[in-house]
Amino acid sequence: MGTRRGGWLVLKSVCMASAGDNSMRRRLVGLGRELGREERGLAILGEGNVSCKDGAGFLIKGSGRSLATLDEGGIAACTSEKLLALLDAGDVDDAAADDALFASRVAADDPKPSVEALFHAYLLTLPGVSWVGHAHPVSVNRILCSPRAAEFAGSRLFPDEVVCCGVESVFVRYTDPGLKLAQEIRRAVEPFMERHGAFPRVILLANHGVITLGASEQAVLGAMLMAGKAAEIWLGAALLGGPVFLGGADVMRIAGRGDEHYRRRALNL
């Protein structure tokens, strides 16, 4: 994977124009704007959200804000406790969930956090995860809105997909966004981590979109863009009688290769 301007990935510079800056808000805005770039087809209008750890809490895009035009005023600083408590609360009505979102803010003048702050709060508790991105890529949603979505999630097509997106993706069947979705994501992620001993890099939500997570902004952006590339290849291969997937042994071999680990480190993945 290179660093081609205009190509799918420029991880050395993308979303890190302020790499020497101490402001996590600025870094989160950078990631949001990269995911919101119109030509990438990942999110329009108020679609998608981004989050990152910040001290004892986390930062997340405000509800209804556009990723493409996100600024620091569109970021909410939140504490996790009230949101995580809801995951164990069973059925909670929309009003109570809304109250918890407002109550999670550190500053009363911050915008209301995205309703999906509930799953961001959970995912940011996973060991090794400091950044989360969520978008609705056109390319991937063509598959996620089809009967073959689970097949796409569980398979890999080419080596760089394994490098950026992991050995498989978590697949979550359509669930009402908000608390129920956060609970379903947790329900699907926990067995994945038991099987693989690591967090998933990609979570695919049927009839909805994609979540990517990692230790860096580059990991989140790279996995999102690579998932989109994989979807385009999958759809093209399907027209030619495929797709033909990599075998399980080949996937594990790529995932464990020393040179691939070196490339991941070099690209901050």
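All values derive from a computational prediction rather than experimental measurement.

Here the residue pair G242 and P243 is connected by a cis peptide bond, since its omega of 5 degrees sits within 30 degrees of zero. On the secondary structure map, P243 appears in the loop between α9 (217–239) and α10 (248–256). Positive phi, close to 50 degrees, is recorded for L45, a residue that is not glycine. A relative accessible area of 71% means that L45 is categorised as exposed. Residue N207 is not a glycine yet carries a positive backbone phi of 55 degrees. When you line up the elements, N207 lands in the loop between β6 (202–205) and β7 (209–214).

With that settled, consider the packing of helix α1 (residues 24–35) against α9. In a packed pair of helices, the relevant descriptors are the angle between the two axes and the axis-to-axis distance. Remark: α1 packs on α9, axes separated minimally by 10 Å, with the N-to-C direction vectors making an angle of 10 degrees. Taken together, the axes of α1 and α9 lie roughly parallel to each other. From α1, R27, L31, E34 and L35 reach across to α9, where they touch E217, V220, L221 and M224. Grouping the constituent residues of the contact of α1 with α9 by class yields 5 nonpolar, no polar and 3 charged.

Looking now at the packing of aromatic side chains. Evaluated as defined, the whole model comprises 1 aromatic pair. With a centroid separation of 6.3 Å and 85 degrees between ring planes, the pair formed by F152 and W234 is classed as edge-to-face. Residue F152 is located in helix α6 (residues 149–154), and its partner W234 is located in helix α9; the two are separated by 82 residues in the primary sequence. Here the two residues F152 and W234 agree in accessibility, since each one is buried.

Across the sheet, 7 strands lie side by side as β3-β2-β1-β4-β7-β6-β5; this open sheet has mixed pairing. The outermost strands of the open sheet, each flanked by one partner alone, are β3 (75–78) and β5 (170–172). Pairwise comparison of adjacent strand axes, ignoring direction, gives a mean angle of 15 degrees for this sheet. Of the pairings in the sheet, the one linking strand β1 (residues 49–54) to strand β4 (residues 131–135) comprises 4 bridges and is antiparallel in character. Bridge pairing in β4 places V50 opposite G133. Helix-sheet contacts for α1 involve β1, β2 (57–61), β3 and β4, and the interaxial angle to β1 is about 155 degrees.

With the rule as written, the count across this model stands at 12 salt bridges. Across the pair R148 and E151 runs a salt bridge, and its minimum N-O distance is 2.7 Å. For E151, a relative accessible area of 31% corresponds to the partly exposed category. Each of E34, R37, E39 and R40 takes part in one network of salt bridges that share partners.

Here we take up helix α3 (residues 94–103). Restricting attention to buried positions, one finds in α3 the residues A97, A100 and L101. End-on view of α3: buried residues confined to an arc of 100 degrees, all on one side of the axis. Where the residues of α3 are buried, they touch α2 (81–87) and α4 (117–123).

Let's shift gears to α1. Since the α-helix advances by 3.6 residues per turn, residues separated by three or four positions end up pointing in the same direction. Across its 12 residues, α1 extends 17 Å between first and last C-alpha, which sits within 8% of the 16 Å expected from 1.5 Å per residue. Counting buried residues in α1 gives 9 out of 12 residues, a clear majority hidden from the surface. Within the span of α1, buried status applies to M24, R27, L28, V29, G30, L31, G32, E34 and L35. The inward-facing, buried residues of α1 abut β1, β2, β3, β4 and α9.

Our focus in this paragraph is the environment of I75. Relative to the helices and strands, I75 resides in strand β3. Taking relative accessible area as the criterion, I75 reaches 0% and is therefore assigned buried. I75 sits 38 residues away from P113 along the chain, and the two C-alpha atoms are 7.9 Å apart. Other than its neighbours up to four places away in sequence, I75 contacts R25, L28, V29, L59, I60, K61, G62, L70, D110 and P111.

The rules behind each value
- Residues numbered from 1 in each chain as written.
- Predicted model: local features only at pLDDT ≥ 70, side-chain atom pairs only at ≥ 80, totals over all residues.
- Heavy atoms only, no water.
- Helix = DSSP H or I, 4+ residues; strand = E, 2+ residues; numbered from the N terminus.
- Buried < 20%, exposed > 50% of the residue type's maximum accessible area, 1.4 Å probe, protein only.
- Axes fitted to C-alpha atoms, helices over the stretch in contact; angles between N-to-C directions.
- Parallel < 35°, antiparallel > 145°, perpendicular 65-115°, else oblique.
- Contact = heavy atoms within 4.5 Å.
- Nonpolar A, V, L, I, M, F, W, Y, C, P; charged D, E, K, R; others polar.
- Phe/Tyr/Trp six-rings, centres within 6.5 Å; stacked < 30°, edge-to-face > 60°.
- Pairing = 2+ DSSP bridges.
- Salt bridge = Lys/Arg side-chain N within 4 Å of Asp/Glu carboxyl O.
- Arc of directions from axis to C-beta.
- Expected span 1.5 Å × (residues − 1).

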